[in-house]
Structures are given as C-alpha cells and as structure tokens.
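Below are the chains, spelled out letter by letter.
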There are 2 protein chains.
Amino acid sequence: MSSVIPVRLPENPYEIAIAYGSLNQLGNYLKQLNLGKKVLLVSNQEIFDHYGKIVITSLQEAGFDAYTHAIPEGEVHKTLDSIARLYDTALENRLERSSTMVALGGGVVGDMTGFAAATWLRGINFVQVPTSLLAMVDASIGGKTGVNHPNGKNLIGAFYQPRLVLIDPQVLKTLPVREFRAGMAEVIKYGVIWDEDLFAKLEQEERLDDFAGLSEELLQIILTRSCQAKADVVQEDEKEAGLRAILNYGHTIGHGIESLTGYSAINHGEAVAMGMVAAGRIATKLEMWTQEEEKRQNNLIQKAGLPIYIPANLDSEAAIALLQTDKKVKAGKVRFILPTEIGKVTITDRVSSDIVREAIDEIKAA
Amino acid sequence: MSSVIPVRLPENPYEIAIAYGSLNQLGNYLKQLNLGKKVLLVSNQEIFDHYGKIVITSLQEAGFDAYTHAIPEGEVHKTLDSIARLYDTALENRLERSSTMVALGGGVVGDMTGFAAATWLRGINFVQVPTSLLAMVDASIGGKTGVNHPNGKNLIGAFYQPRLVLIDPQVLKTLPVREFRAGMAEVIKYGVIWDEDLFAKLEQEERLDDFAGLSEELLQIILTRSCQAKADVVQEDEKEAGLRAILNYGHTIGHGIESLTGYSAINHGEAVAMGMVAAGRIATKLEMWTQEEEKRQNNLIQKAGLPIYIPANLDSEAAIALLQTDKKVKAGKVRFILPTEIGKVTITDRVSSDIVREAIDEIKAA
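Residues numbered from 1 in each chain as written. Chains lettered and ligands numbered in written order. Predicted model: local features only at pLDDT ≥ 70, side-chain atom pairs only at ≥ 80, totals over all residues. Heavy atoms only, no water.

K.L.:
Requested: an account of the domain arrangement of chain A, with residues and values cited.
P.N.:
Residue and element names in this part refer to chain A. Here the domain parsing of chain A yields domain 1 (2-174) and domain 2 (177-362). If you average the C-alpha positions of domain 1 and of domain 2, the two centres end up 25 Å apart. Counting residues at the interface gives 32 residues for domain 1, matched by 34 residues for domain 2. Interface area for domain 1 against domain 2, summed over the two sides, is near 3,000 Å², with a carbon-plus-sulfur share of 65%. (Domains from an automatic or database assignment. Contact = heavy atoms within 4.5 Å. Buried area = accessible area lost by both parts, 1.4 Å probe.)

What follows is the structure in structure tokens.
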C-alpha cells in the first residue's frame, strides 16, 4: 500500500511518499532528487539502534557517502547548543551546499535537523524521514524548523522546506504506545479543523489508542488524509500569514501547558489534546459550536487514550501570562483558533482572559 | 542628492535608498512599509553614541515603539552566543512577527541582526541602515546573514532579504579612515568584475583613500554604481546557485587570510584586497588576462590605501588547506573567480594547488 502527496509550493515543491517497508529504499528515493554525494543522517541513539544500519546501507548502496550525528533525546535538548554540536559534525565531514541532512526520527530530530540544514552554509538539502506518528502527520510537513528558547518553545527557527518526506508506517511498531497516542492528537485535530470525513471515520472505529489495534488500511487512510490536510493548508499559506494558523488549534494553550510542566511530564500530543479540550470549551462558552460537538471531540480524544482534563495543580494565571509570548500574538492580542463545527474553525483575537481562565478551571482534573 | 535602486526579487522586492542626511528620516521610511509598532534597533555602543539618539527620535516621532540592543564590537563577537543574547532582548520586549529589527552599523551588525531577524519567530521584518562603506556597497544588500563558526567565517547563516536598505552617506564622516579604505576594496571589486566604467572613473581620480578627499558627487556615483552592480547580480541569482559567486572575487583567498590572522590584524576589506591581488596574479599566470590589467587593478587598490602584498609570515599551506572549507567548494573542488579583463570575471575549479601556492608566495611582502 502506498500513496504520494505532492506539496505544491511555488519555490520549493516536494512530495510526501507514504509506503510500507520503504525505509530501506531511502537511498533510491534520494538518488532521484539529484543531490550531492554527502549525506549526514541525524537521529538519536535509540532510533539509530533500531534503524541506523538499514538506512545507512540503503544510502551506501545508492552511492552516497553516509555520515551520522546523534542528538541527545528529548525536548530539553532542543536547544541552540545542540545545533552548535550539529554544525561541528557538518564541518568535520566537510558538508557542501549540495550535501543533504536527513532527519530520521520524531519531531525534535526533524525540527533540529531542519534548522541546522536551513542555517549551515546558508542552507543545504534537507530530507525528513519521520519515525513517530506525530512527526509523520504534522512536524515533518510544511517546513517549520527550530529550537526552543529557554523561556519559550520554538521561538528560534526558520521556514525551510524539505526536498522529500518519506514515511514508512511500519516503523510505528517500535514507537512507544504513549507516543502513538500523542500522534493521534494531531490526527484528531485535522478532523476537527479540516476534514469532517476523517473525523467521522475515526468515530466509527472501536480503538484508536494503539498501533497494534489499527488495520494497515486504516493507518494508511489516517496518514494519507492527515498529510493531505496539512499539505492543503501549507500550500495556501506557506509562511503562516493567515490560514496556516488554524494548524495551531489546541496549540496555543497546549504550548503553555508544555512550558509550565517543563516539556517532560506531559508530551506534545497530550498537551495538544488538553489544548483542544480547552479550545472546545471556550467555543462552547462563546456559543460558537454546540456542547454536543464539544462532547464528540472529547470522546474521540478519550478513545485515542489521550487526556481530556488538565492537571489540577496547573497555575491558570501563569498559563494565561504565557499566552502573551506566543509567536502568533499580534499587536499584543492573543489569537485563538476555535471550532465552529466539526471540520471547521475560525481565528479570533476576541477572547477575554476571563473566559480563558474559566475554561481552564472547568477542565481541570478533580 | 539622492537615488533609489530597486532590488527586483520575485518574493521579496525592496529598495536601496541613498540619500544625504536621511538618517533622521528612518521613521518615515519605515512608516511607508506598513510594519508593526515595535522596532528593535541593533547596533554597537560606539555607533549608538554617534547616531542612537537621532534614530530613536526619528522612530518615535513616526509612532514606533523603539527598543535597543547593543552587540559587542568586532568580528570575534560574531557568534551564535551573541545571537542568543539578541534573542533574549527580543523576548524581553515581546517582539512579534510584525515587528522589525533594524541593523544600524557595519557588516557585523548587519549580518548578525539579519540572522536574528531571520530566525526569531521563524522570521520577522528586517531593515538595514549601514554605517560603513563596506556595509553600504556590499553586506547590506542581497540578504546574506549569519555568524562565524569557531573554525570558519560565515558558515552559519541564512538568506534573508531586508525590507529596506537606507544609506546616508554623511555618516561616513565618522568612519575611521582604515574602515573607509576597506569599503573601497569592494568598490574596486565591482569595477573589476562588473562595471568597467566605474573602474575607469576611479582610475581618473587622484585620491580614493579618505572620505575627506572625495567630492559628494563622486561618493554618490561610487555608492550608486556599486549598489546597482550588487543588485544586478543578486536579482539574477538570489541564492548563489551560479552567477552570484562572482561577488566572491578576492574573497576565496581573502577569507583564508582573515581566518589565519584571527579576524583582527587584517580587516575584511584588506583581506579582500589581498585576495584580489592573489586572484589577479593567478589569472596572469594562467594567461587569462594581461600583466597590464593586473597592474591597473593593483594600482587602484594601492590608490585606495589598501595592501597589495600579503604578510610575509602567512602560512601558505594552511591558507590552501583552508580553501577546502569554503562554502563554495563543490564536489571537493575549490572554485576560483578569476578576471578575464577589467569588468569581467569567470568561475573555474581548474586551478591547481601549485599555482595557488606560487601566486601566494609571489605576492608576499619582502
């Protein structure tokens, strides 16, 4: 089973290839892109242990010189210092402008490798090989790259498009179940903001909380429709001048929750799930959608094994203060993405802090 | 006296405005660009002392909120760490995507501010107000931004176009004479690579080595023709896929000289002058141009008060080894830009290390 989704950007068009068992074909995929001989494969140690050998062999058999760089695992290492180490490896191996950095891993690996590729020699080739569901359906597509500032997530970065996104759904079998669920948060997001058919399809399924519980066919549908939704939005608004902001549904408050909990206790997908629950509640309070729709959304989130409450001890005032540092703040006003029905959202900067505070307090775990 | 040079880039067109006494008009210029309210003015302490007040007043009178950030002076501080401090200021002042960073200063200030603007919130507005001749005719135009890696100049960076380049020639009166001469190296470069009329005009002048020795009219011609040459080349090849490499005439060996002398004993313009002398000598040895033309070039360099010899103690082998780390290396081959006549250059990767070594040794100071 396989599908190819073109991302039609005027300056930097590329394809998302979704194909079972394609990991050992990476070298051949790259060969078709007419890249230079040197490829720096970037990942973390755990993923290298699982897939390093197969990928390096594939690159070498296709005639590339393959080098490797391991970045320490986890969001806490998503820093400018880690990028500086990546630059060192690039220099040691004399990467050239025609060379390529391949990100093999989840969102953190992809974001960091992309930022290094965007800024080494003012930009070299970049390829995404996402290994987490979250990275497959979201982070690997659309060219957002970057690292965290000590006081805020993803504040440092660049828009930099990959030359290719290669997705092998089989690698999800080694993904921890909690990570799989985190990815489902973004899948559900596409259902709420863009694709009501995907939402309806997910509602029909009995289980969404484990790779082992999903058929190969369902997974292919989930990946294809999610990637297509992301590609649709990015094509219309590459640099986030308008429409693209809707992809941040659940992220505005979600980022605050991640930040306040130190990027470790709660993972990104869980934070997005909580953020969607919060946004859904705000929308209900403002009568933008119905309580019934809010419930349908939250049921799906729950079916994916994701939280529908936020930690009782979360400091609501601190969360509200953090909203002000969000990248999407415009003229001091926080912009919220709020659902108007399943499959549609709107962007508004007219949500009072009081409403946000009430919503957060209402969805806190008892 | 004033002129406006459009830089016609498909995605990011902008103008270079060259106008006497325009510094106190910066606020009005920015107002026409429809930017957000927040402007972060970046410079170093010395330039702030000279021009900070006039620029801040201009910004405030035009209705902007002006913030400032001083970066330590000099190439040695052109590091990722200095960028991290700039990010801190951006966060403290809650810059938004619609906000603007203005670089008021020479090439180092411009390169660093541009890189910070390119990578803060994945890109905010950027304006160049160059205060050195070098920055006016070269660094401020064309979107090259970045910092040094400990082992190589400008290896970290991004292509990021400014929204405006505002040049007030009057500020050159406070530029140290050695810096003025450094800028003349790039002016002479345009004569050699692109504009033989400019070259001929410079040949007619008696003095080129001091701001005080140049008429207002001559300076306007020098600035306008140099900026036009740079704009011509950048328009044809924004991302340095081909033609743009000719702007590196004199820079290939020049960068090596700067690097080996620690970016301090010899300034950038002096290194470029030496690099042009070296490239000219290589071209003569390869019979690509005549000894007479080499002499005309070197006479002009000398008239601008610039060196036509390289330090006797420079390690030729180390310089040759450093060429391999140049960003323009392709498939391991060093590409040289060599003159074929006054006003024209060619790009070649067929220069042997022996020829480079001989040329370097021949132009060493006795």
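After that view of the structure, there is still more to cover.
K.L.:
Outline the packing of aromatic side chains, supporting the account with residue identities and numerical values.
P.N.:
Across all of its chains, the model carries four aromatic pairs over all chains by this definition. Look at Y87 of chain A and W120 of chain A: their rings are 5.5 Å apart centre to centre, the planes differ by 25°, and that puts the pair in the stacked class. Here Y87 of chain A, found in helix α3 (residues 80-92), pairs with W120 of chain A, found in the loop between α4 (107-119) and β6 (125-130); they are 33 residues apart in sequence, far enough to count as distant. Of the two residues, Y87 of chain A and W120 of chain A, both sit in the buried class. Measuring from centroid to centroid gives 6.4 Å for F180 of chain B and F211 of chain B, while their planes differ by 75°, and the two rings are edge-to-face. Here F180 of chain B, found in helix α6 (residues 177-193), pairs with F211 of chain B, found in the loop between α7 (196-204) and α8 (216-236); they are 31 residues apart in sequence, far enough to count as distant. Lying across the ring of Y190 of chain A, K189 of chain A places its NZ or CZ 4.9 Å from the centre. (Phe/Tyr/Trp six-rings, centres within 6.5 Å; stacked < 30°, edge-to-face > 60°. Helix = DSSP H or I, 4+ residues; strand = E, 2+ residues; numbered from the N terminus. Buried < 20%, exposed > 50% of the residue type's maximum accessible area, 1.4 Å probe, protein only. Lys NZ or Arg CZ within 6 Å of the ring centre and 35° of its normal.)

K.L.:
Could you give me a rundown of the interface of chain B and chain A, with the residues and numbers involved?
P.N.:
Contacts between chain B and chain A engage 34 residues on the former and 34 residues on the latter. Between chain B and chain A, the buried area comes to about 3,100 Å², and carbon and sulfur atoms account for 58% of it. A salt bridge links E240 of chain B to R97 of chain A, with the nearest nitrogen and oxygen atoms 2.8 Å apart. Our count for the contact surface shared by chain B and chain A stands at ten residue pairs in polar contact (both at pLDDT 80 or more). For the side of chain B that touches chain A, the secondary structure elements donating two or more residues are α3 (80-92), α4 (107-119), β7 (144-149) and β8 (152-159) of chain B. Among the elements that make up the side of chain B that touches chain A, the one with the highest residue count is β8 of chain B (six residues). A breakdown of the residues in the side of chain B that touches chain A according to their chemical character gives 14 nonpolar, nine polar and eleven charged. (Salt bridge = Lys/Arg side-chain N within 4 Å of Asp/Glu carboxyl O. Polar contact = N/O pair within 3.5 Å; in protein donor to acceptor, adjacent residues only side chain to side chain. Nonpolar A, V, L, I, M, F, W, Y, C, P; charged D, E, K, R; others polar.)

K.L.:
Lay out the sheet that holds strand β2 (residues 14-19) of chain B with the relevant residues and their values.
P.N.:
Residues and elements named next belong to chain B. Spatially, the seven strands line up as an open sheet ordered β1-β2-β9-β6-β5-β3-β4, and their pairing is mixed. Every other strand in the sheet has two partners, leaving β1 (2-7) and β4 (65-70) as the edge strands with one partner each. The mean angle between the axes of side-by-side strands here comes to 20°, regardless of whether they run parallel or antiparallel. Note that strand β3 (residues 38-43) and β4 share six bridges and pair parallel. Across the sheet, L40 pairs through a bridge with Y67, a residue of β4. Packing against the sheet, α8 makes contact with β1, β2 and β9 (164-167), and its axis sits at approximately 5° to β1. (Pairing = 2+ DSSP bridges. Axes fitted to C-alpha atoms, helices over the stretch in contact; angles between N-to-C directions.)

K.L.:
Quick one: what's the story with the pattern of salt bridges, residue by residue and with numbers?
P.N.:
Two side chains that carry opposite charge are able to pair once their charged atoms sit near each other. All names here are of chain A. Scanning all chains against the criterion turns up 46 salt bridges over all chains. Measuring nitrogen to oxygen at the nearest pair gives 2.8 Å for the salt bridge that ties R296 to E203. With a gap of 93 residues between them, R296 in helix α11 (residues 291-303) and E203 in helix α7 (residues 196-204) connect regions that are remote in the sequence. Note on R296: relative accessible area 28%, which makes it partly exposed. According to the relative accessible area criterion, E203 is partly exposed, its value standing at 31%. With a shortest N-O distance of 2.8 Å, E362 and R281 are connected by a salt bridge. Separated by 81 residues along the polypeptide, E362 in helix α13 (residues 353-362) and R281 in helix α10 (residues 268-285) bring together distant segments of the chain. A relative accessible area of 37% places E362 in the partly exposed class. Bridged by salt links that share partners, the residues E75, K78, D111, K153 and E258 form one connected network.

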